[in-house]
Amino acid sequence: MLRTLSAGLITLFLAAALPAGAASKSDPALDAPPSGLTPTSVTLKQVLAVHDKAVGRKPNARNTVRETWSFTDTGLSGTEDLARSGTDYHSVIRTAAFTQEYGQAGDKRWHRGPNGFVNATTDRDEESFFALRVDEDAADPKNDVTVAGESADPAAYVLKIHVTGSRHPEWAFYEKATGNLVRFEYAVSRGRVATAFDDFRTVDGITQAWHVHDSWWDRALDDDYRLTAFHAGMAIPPAEFAQPANSSMPQGSDVREKLPVQFAFGAAIVRVNVQGRGLDFELDSSMRESMISHDVAEELHLDNFGHAKTDSKGRQTEYWTRIADLQVGSQHLKNFAIHTAGIQYKVSQYTKVVGVLGYDFLANYVVHVDYVNKIVELIPTKYFGSSKPIENGLELPFELDDGVPMVPMQIGSTLAKNVILNCDMPFTMVFGTFTSAHPDELHSIFKNSQEGSVPFADSGSFGTTIRIWPAQVDSLMFANMNYQSLIVIATDFPYSSPEGAEAMIGFDYLRFFDLYFDYPHNRFFVVPNKWFYTMTKKAQ
């Protein structure tokens, strides 16, 4: 039973990451109703009934569809083939250089990423249904829906929709004359987006818009979708929705190889080479995909394949690009798909981190992280074919959720089953999913919490204002360690991706083990290290 990590370190982290007054104020314009609404006597039931009739739903009809869309997403052109049968579906999204696939069979969802690796996922898929994303929000019983009034242009009844878990309301315009959904407004962090639906056609008894256009506050960000083929009511084999095998095979390594690496604040910073240029990338097990700095992508002239690099004010936008040859040690990842992001910071006078190596790098090898000796090592997969490939190794229960590793951890007397394994995060955090359900397991150290922006990388929530505070837990059990009277960072923020994540275990507790990421065999091992035994002796 071990005691570790001081409240002083946590307080220092809070002061740096969440300075007083850092919280952004909510913009009232994001919650305001559309202008020009007038009162109406029509009821919600009447609006939805007219809409259902317009769409042409038939209760006993076979609920199967095949459709093809063409789209332009912030300048990037592509197509999507989508097959649906009830809640089962399979989408194939193709752009100039990349293909991604999403699917669901029964209650099992899956995703194939741009580098070809396939994983089960619990996340809600918003990519496959982006053009259709608002069709059923008003009819979903989980949402709070009311009649807000009616508008003159377009002549429509307007519903106010509070989607469960969303910060801002949505506004749906149902045309009086037809019952069709013709306009939709919703808010994101920087402003409002207005979606227009037109070119309504009826095919196989289903009426819908064959053209959808998103108008953002900045026209450089606009999206456009056109339905090019649609059929309904056919038989679709269930096998079409099942999770497929990987289309990408691990690159592998012929010999054990120690990578050029240094450690800073617990994070492993690996030296990579692109076009003869040495770059520093962090190894981050919590990231689904690898990332590279916008500025470095520009300097290397990496292709954006038509996607807008900036908005009209010069602010950078994120896009997928490709590195022809990403060299890590003696290993070469060819045509490696990577995402641009605003990531760039100095950890020393000579080291500037400009990227992240995530799941799509780890999945190619057995990766060994040794905190004591400051080593990151690639190990040939042939050495991990047996059930016990490492002496004194402990294989932990482990699942990949679309590339994000999830392990169990006991917090106090409660078992948290969905804990993100993050070898890049300095401290362990407990999220709102757990803190709201088990408040008695966390004892606040200070009376007042601080506010600030989410300090970790989560594309769906980075920058969101949250409450955060240091808290003490009576015990924390991970692997074969039982830590006592520990300090963790607690928040009321519900981590959004993967959904249901209860906590994130970081370097402060992982440092007592050697870590072995054996993704090619879908396994994760830990081995107690020198620090583990030193702490054990101190606790005795």
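In this report, we go over the structure that sits alongside the text. (Residues numbered from 1 in each chain as written. Predicted model: local features only at pLDDT ≥ 70, side-chain atom pairs only at ≥ 80, totals over all residues. Heavy atoms only, no water.)

### Remarks on the pattern of salt bridges
Next, step 1: What the rule picks out here adds up to 19 salt bridges.
Next, step 2: Between Arg94 and Asp81 there is a salt bridge; the shortest N-O distance is 2.9 Å. Linking Arg94 in strand S3 (residues 88-95) with Asp81 in strand S2 (residues 76-85), this pair joins segments that are 13 residues apart in sequence.
Next, step 3: For Arg94, a relative accessible area of 36% puts it in the partly exposed group.
Next, step 4: In this structure, the salt-bridge partner of Arg226 is Asp224, at a minimum N-O distance of 3.9 Å.
Next, step 5: Residue Arg226 is classed as partly exposed on the basis of its relative accessible area of 40%. (Salt bridge = Lys/Arg side-chain N within 4 Å of Asp/Glu carboxyl O. Helix = DSSP H or I, 4+ residues; strand = E, 2+ residues; numbered from the N terminus. Buried < 20%, exposed > 50% of the residue type's maximum accessible area, 1.4 Å probe, protein only.)

### What to know about the pairing of strand S19 (residues 320-328)
Next, step 1: Two elements, strand S16 (residues 267-274) and S19, share three bridges in a ladder whose sense is antiparallel. Across the sheet, residue Asn273 finds its bridge partner in S19, namely Gln327.
Next, step 2: Of the pairings in the sheet, the one linking S19 to strand S20 (residues 331-341) comprises eight bridges and is antiparallel in character. When the sheet's bridge partners are listed, Gln327 is paired in S20 with His332.
Next, step 3: Taken together, S19 and the strand that follows it, S20, pair antiparallel across an intervening segment of two residues, in which Gly329 is found at a positive phi of about 60 degrees. (Pairing = 2+ DSSP bridges.)

### Examining the environment of Val488
Next, step 1: Counting through the fold element by element, Val488 comes out in strand S33 (residues 481-491).
Next, step 2: Residues Val488 and Ser444 lie 44 residues apart in sequence; the distance between their C-alpha atoms is 9.9 Å.

### Side note on unusual backbone geometry
As a rule of thumb, non-glycine residues mostly have phi less than zero, and peptide bonds are mostly trans rather than cis.
Next, step 1: Asp153 connects to Pro154 through a cis peptide bond whose omega is 5 degrees.
Next, step 2: With respect to the element layout, Pro154 can be found in the loop between strand S7 (144-151) and strand S8 (156-162).
Next, step 3: In this model, Asp204 sits at a positive phi of 55 degrees, which is unusual for a non-glycine residue.
Next, step 4: Within the secondary structure, Asp204 is located in the loop between strand S11 (191-203) and strand S12 (206-215).
Next, step 5: Overall, the relative accessible area of 45% leaves Asp204 in the partly exposed class.
Next, step 6: Not every positive phi belongs to a glycine, and Phe305 is a case in point at roughly 55 degrees.
Next, step 7: Tracing the backbone through its elements, the reader meets Phe305 in the loop between helix H3 (294-299) and S19.

### Brief notes about the sheet that holds strand S24 (residues 375-379)
Next, step 1: Spatially, six strands are ordered S14-S24-S23-S35-S36-S25 in an open sheet, and the strand pairing comes out antiparallel. Each end of this open sheet is capped by a strand with a single partner; those strands are strand S14 (257-258) and strand S25 (394-395).
Next, step 2: Where strand S35 (residues 513-518) and strand S36 (residues 523-528) come together, six bridges link them in antiparallel fashion. Of the residues in S36, the one forming a bridge with Phe513 is Pro528.

### Digging into the packing of aromatic side chains
Next, step 1: Inspection of the entire model under this criterion finds 25 aromatic pairs.
Next, step 2: Where Phe98 meets Phe305, the ring centres are 5.4 Å apart and the plane angle is 85 degrees; that geometry is what we call edge-to-face. Residue Phe98 is located in the loop between S3 and strand S4 (99-105), and its partner Phe305 is located in the loop between H3 and S19; the two are separated by 207 residues in the primary sequence.
Next, step 3: Overall, Phe98 belongs to the buried group, its relative accessible area being 8%.
Next, step 4: Between Phe431 and Tyr495, the aromatic rings sit 4.8 Å apart at their centres with planes inclined by 15 degrees, giving stacked as the arrangement. Of this pair, Phe431 sits in the loop between strand S29 (429-430) and helix H5 (432-437) while Tyr495 sits in the loop between S33 and strand S34 (503-505), placing them 64 residues apart in sequence.
Next, step 5: A residue is classified by how much of its surface remains accessible, and Phe431, at 0% relative accessible area, is buried.
Next, step 6: With a relative accessible area of 4%, Tyr495 lands in the buried category.
Next, step 7: One aromatic cluster is present, built from ring pairs that chain together Phe117, Tyr359, Phe398, Phe517, Tyr519 and Phe524.
Next, step 8: If you follow Arg183 out to its NZ or CZ, it ends over the ring of Phe173, 5.8 Å from the centre. (Phe/Tyr/Trp six-rings, centres within 6.5 Å; stacked < 30°, edge-to-face > 60°. Lys NZ or Arg CZ within 6 Å of the ring centre and 35° of its normal.)

### Here's the deal with the layout of surface pockets
Next, step 1: Taken as a whole, the second largest pocket holds about 450 Å³ of empty space.
Next, step 2: Lining the second largest pocket are 21 residues, and of these Ala120, Thr122, Glu399, Leu400 and Asp401 sit closest to its centre.
Next, step 3: When residues of the lining of the second largest pocket are traced back to their parent elements, those giving at least two are strand S5 (108-112), strand S6 (118-121), strand S26 (399-401), strand S27 (404-411) and strand S28 (414-421).
Next, step 4: Residues of the lining of the second largest pocket, tallied by class, amount to eight nonpolar, six polar and seven charged. (1 Å grid on protein atoms, 1.4 Å probe; cavity = no way out; pocket = protein on both sides within 12 Å on 5 of 7 lines; lining within 4 Å. Points joined across faces, edges and corners; volume = space filled by probe spheres on them. Nonpolar A, V, L, I, M, F, W, Y, C, P; charged D, E, K, R; others polar.)

### Description of the environment of Ala471
Next, step 1: Mapped onto the fold, Ala471 is located in strand S32 (residues 465-478).
Next, step 2: In the structure, Ala471 is positioned 19 residues away from Ala490 in sequence and 6.1 Å away in space, judged by C-alpha atoms.
Next, step 3: Ala471 has contacts with Leu442, His443, Ser444, Ile445, Leu486, Ile487, Val488 and Ala490, leaving out every residue within four places of it along the chain. (Contact = heavy atoms within 4.5 Å.)

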